[in-house]
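Fold and geometry: a report
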Amino acid sequence: HLQVLVILRGHLDPPDVFWVHPRSEPAYHHLCAELEVPRRAAALNQRLDYALELCEARRQQVSQQHETQQTLLVVALVAVTVLFTPARIIRHTGESPADGAATAPGGDPA
C-alpha cells in the first residue's frame, strides 16, 4: 500500500497498518530500501522546494508589477492635473496670462 506512505521531509513513518500486522513491518522496510524510497522522497522534496521558490518569486514579481502600475497611474493622474490646472485658473479668473501681462497696474492697457 504505497498510498499509505507519508513523506515528511525525508522521514517516512511506517503506516498504521503495522499496529495490526507487526510481522509485516520488516517487509515494509525492505521494500522501502529496495525501492530507494528515502532517496526518492528527498528528491521529491527538493523538487517541491524548488517549485515553491519559483512560485514565491513569481508572486513577488506580480506584486511588484502591480505596484509599478499603480505608481504609473498616480504619476499620470498628477500629470493630467498639472496640465489642466492652468486652464482651470484661466477659466476661473476670466482672463489669459497674456492679457494680464499686457494690462498696466492701474487697469489701463500699456
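Residues numbered from 1 in each chain as written. Predicted model: local features only at pLDDT ≥ 70, side-chain atom pairs only at ≥ 80, totals over all residues. Heavy atoms only, no water.

1. Here we look at the overall build of the protein
Helix and strand counts for the protein come out as four helices and two strands. Listed N to C, the secondary structure of the protein is β-β-α-α-α-α in terms of helices and strands. When the accessible area of the protein is evaluated, it comes to approximately 9,700 Å², of which 63% is carbon and sulfur surface. (Helix = DSSP H or I, 4+ residues; strand = E, 2+ residues; numbered from the N terminus. Areas by Shrake-Rupley, 256 points an atom, 1.4 Å probe, with all protein chains shown as cover.)

2. Brief notes about the pattern of salt bridges
Inspection of every chain in the model, using the stated rule, returns two salt bridges. In this structure, the salt-bridge partner of Arg39 is Glu36, at a minimum N-O distance of 2.5 Å. Since its relative accessible area comes to 51%, Arg39 is described here as exposed. On the basis of relative accessibility, which here comes to 35%, the residue Glu36 falls in the partly exposed class. (Salt bridge = Lys/Arg side-chain N within 4 Å of Asp/Glu carboxyl O. Buried < 20%, exposed > 50% of the residue type's maximum accessible area, 1.4 Å probe, protein only.)

3. Describing a nonpolar patch on the surface
There is a patch of nonpolar side chains on the surface, built from Val74, Val78 and Val82 and spanning about 260 Å² of accessible area. Relative to the helices and strands, Val82 is located in helix α3 (residues 37–93). (Patch = residues over 30% accessible without salt bridge, like charges linked within 9 Å, V, L, I, M, F, W, Y side chains within 5 Å.)

4. Quick word on α3
Here α3 is 57 residues long and its end C-alpha atoms lie 83 Å apart, about the 84 Å a rise of 1.5 Å per residue gives. Along its length, α3 reaches its greatest deviation from straightness, about 35°, at Phe84, and the proline Pro86 lies no more than four positions downstream. Restricting attention to buried positions, one finds in α3 the residues Val37, Ala41 and Asn45. Once α3 ends, the next one or two residues include Gly94, with phi positive near 85°. (Expected span 1.5 Å × (residues − 1). Bend = angle between axes of the 7 residues up to and from the residue.)

5. Comments concerning the confidence of the model for the protein
Confidence along the protein averages 77 in pLDDT terms, with 74% of residues attaining 70 or more. Per-element confidence in the protein is highest for α3, whose mean pLDDT is 89, and lowest for strand β1 (residues 6–8), whose mean pLDDT is 48. Segment residues 1–6: pLDDT under 50, and six contacts once partners within four positions in sequence are set aside and those in other chains are kept. (pLDDT = per-residue confidence, 0-100. Contact = heavy atoms within 4.5 Å.)

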